[in-house]
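Residue-level listing of the chains:
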Amino acid sequence: MAAPMTASACELDRPVKLADGNWDAVQVINSIAGKIIETGYDCHVEMVTGAMVPLFTALQKNDVDIFMDIWPSNNVEIWEKTLDAGAVDLGVIYSDATEGWYVPRYVIDGDSSRGIEAMAADLKSVEDLPKYKDLFADPEAPGKGRFLNCPIGWGCEQTNNIKLEAYSLLETFTNFKPGSGAALDAAFASAYKRGKPIVGYYWEPTWVMGLYDMAKLEEPACDDSNANACAFALAEAHVGGSAHFVAQADALETFFRSLKTNSKEISQMLAHMQENPGADRDDAALNFLKTQEATWSQWVPADVAAKVKAAL
């Protein structure tokens, strides 16, 4: 990649509009990028809040400049439509996003520091779940275990519905769907803090994965014979830029093309908010900028990095 371009003043005579989705990862990434843009490029930043589909529409219409943390694999049709409308794929921001079915690691290995003995030492894959239905007992369905799915309406909910049937698990497990993402978070957090067994869908980057040691259950590799019953693929998160923005802001475009991180870093940022009462997304962003200079300084020219560091 070519060396980032130097910028001494904002290229735009208006705020840089960032698509601020309703999930934690994109909000913290936006806060980090926003602080760099404001202090290093002398630009104003506006967060445009919204759900995923309206933000894609806004990117198509040049009503937002940048939409980060896009997973094309989960949004194939609307991402293609957005690119066809003139938006530009500015590259991958991280390439190791994971999805899967998880249990706390202490369920398999125990945790001597917490006095927890292993509960299912040979639980390795989804195929092992039926013999542990009693361990993951559903209090509302005697004789069955509880699988914690995504909330109704999420793309992963439909995927998990198909997997549960394809893996022949509906005879031994209930397909439990929490009412919201926060409820899904709370279920895993509550079980983990109490050292209790739980099994269900989760993904990374998230604060849950940043705080808790979780074990991902193995699934069969995918081929033509098992398209509905195989492992989730690693997902790439992309950055989308509006056509107008890319045409007007060369230095800022280069910054967004250079912005690279990974799931572990983002999960740690999100965990910072959970571990520090009262901390919000801006606190997590500041903590990242203060402690991870070796990472973010690679995203910008040296003079921009110096301005950001001075502002901290």
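The numbering scheme is per chain: residues are counted from 1 as the chain's sequence reads. Residue-level local features of this predicted model are given only where pLDDT is at least 70; pairs of side-chain atoms are given and counted only at 80 or more, and the full residue set underlies all totals for whole chains, interfaces and linings. To obtain the side-chain values, all non-hydrogen atoms of the structure were included, while hydrogens and water were left out.

(A) Highlighting the environment of C10. Following the sequence through the fold, C10 ends up in the segment before β1 (16-20). Using a relative accessible area of 19% as the deciding quantity, one classes C10 as buried. Distance in space between the C-alpha atoms of C10 and I37 is 8.6 Å, their sequence separation being 27 residues. Two residues form a contact once any of their heavy atoms are found within 4.5 Å. The contacts of C10, once residues within four sequence positions are left out, are Y41, D42 and C43. By the criteria applied, helices consist of DSSP H or I runs no shorter than four residues and strands consist of E runs no shorter than two, each listed in order from the N terminus. Buried means the residue's accessible area, taken with a 1.4 Å probe over protein chains only, is under 20% of the maximum for its type, while exposed means over 50%, and partly exposed covers the values in between.

(B) Expanded view of helix α10 (residues 263-275). Relative to the 18 Å expected for 13 residues at 1.5 Å per residue, α10 spans 18 Å between its end C-alpha atoms, a close match to the ideal helical length. Among the residues of α10, S263, E265, I266, S267, M269, L270, A271, H272 and M273 are the ones counted as buried. Contact partners of the buried residues in α10: α1 (24-40), β4 (88-104), β7 (200-204), α7 (207-211), α11 (281-291) and α12 (293-296). To estimate the expected span of a helix, count its residues, drop one, and scale the result by 1.5 Å.

(C) Spatial organisation of the packing of aromatic side chains. Classification of ring pairs rests on two measures: the distance between centres of Phe, Tyr or Trp rings, Trp counted by its six-membered ring, which must be within 6.5 Å, and the angle between planes, read as stacked under 30 degrees, edge-to-face over 60 and tilted in between. Enumeration according to the criterion identifies 16 aromatic pairs in this entry. Between Y41 and F255, the ring centres sit 5.8 Å apart and the planes meet at 45 degrees, which makes this aromatic pair tilted. Taken together, the residues span a long stretch of sequence, with Y41 in the loop between α1 and β2 (45-49) and F255 in helix α9 (residues 250-258) at a distance of 214 residues. Of the two residues, Y41 and F255, neither departs from the other in class, the shared state being buried. Grouping aromatic residues by their ring pairs yields a cluster made of F188, Y201, Y202, W203 and F232. Charge over a ring is defined by NZ of Lys or CZ of Arg lying within 6 Å of the ring centre and within 35 degrees of the ring normal. Taking the ring centre of F176 as reference, the NZ or CZ of R146 above it sits at 3.8 Å. Above the ring of F232, the side-chain terminus of K163 is found at 4.1 Å from the ring centroid.

(D) Inspection of empty space enclosed by the protein at higher detail. Space inside and on the surface of the protein is sampled on a 1 Å grid over the protein atoms alone, with a cavity defined as a set of points where a 1.4 Å probe fits but cannot get out and a pocket as an open set with protein on both sides within 12 Å along at least 5 of 7 lines; lining residues have an atom within 4 Å of a point. Grid points are joined across faces, edges and corners, and a volume is the space filled by probe spheres set on the points. For the coordinates displayed, the defined rule picks out one cavity of 30 Å³ or more. The volume enclosed by the largest cavity comes to roughly 40 Å³. Around the largest cavity sit I29, I32, A33, I93, L259, T261, M269 and W299, which together line it. Ranked by residue count, the leading element in the lining of the largest cavity is α1, at three residues. Across the lining of the largest cavity, the residue classes tally to seven nonpolar, one polar and no charged. In this classification, Asp, Glu, Lys and Arg are treated as charged, Ala, Val, Leu, Ile, Met, Phe, Trp, Tyr, Cys and Pro as nonpolar, and every other residue, Gly included, as polar.

(E) The arrangement of the state of the cysteines in detail. Cysteine sulfur atoms that come within 2.5 Å of each other are treated as a disulfide pair. All chains considered together, the criterion is met by three disulfides. Each sulfur in the disulfide pair C150 and C156 lies 2.2 Å from the other. Looking along the S-S bond of the C150-C156 disulfide, the torsion reads about -125 degrees, which is the left-handed sense. When its relative accessible area of 0% is taken as the criterion, C150 is described as buried. Sulfur-sulfur distance for the disulfide between C222 and C230 comes to 2.0 Å. As the torsion about the S-S bond is roughly 90 degrees, the C222-C230 disulfide counts as right-handed. Residue C230 is classed as buried on the basis of its relative accessible area of 7%. Sequential numbering of the bridged cysteines in the protein chain gives the disulfide pattern 1-2, 3-4, 5-6.

(F) Expanded view of the layout of surface pockets. Counted as a void, the largest pocket has a volume near 1,200 Å³. Around the largest pocket sit 41 residues that line it, and M52, N74, W154, C156 and W203 are the ones nearest its centre. Where the lining of the largest pocket is concerned, the elements lending two or more residues are α1, α2 (52-60), β4, α5 (155-166), α6 (181-194) and β7. Element by element, the count of residues in the lining of the largest pocket is highest for α5, at five residues. Of the residues contributing to the lining of the largest pocket, the split by class is 26 nonpolar, 10 polar and five charged. Quantified by volume, the second largest pocket comes out at close to 320 Å³. Along the walls of the second largest pocket sit 18 residues, with R146, A187, A191, P197 and I198 positioned nearest its centre.

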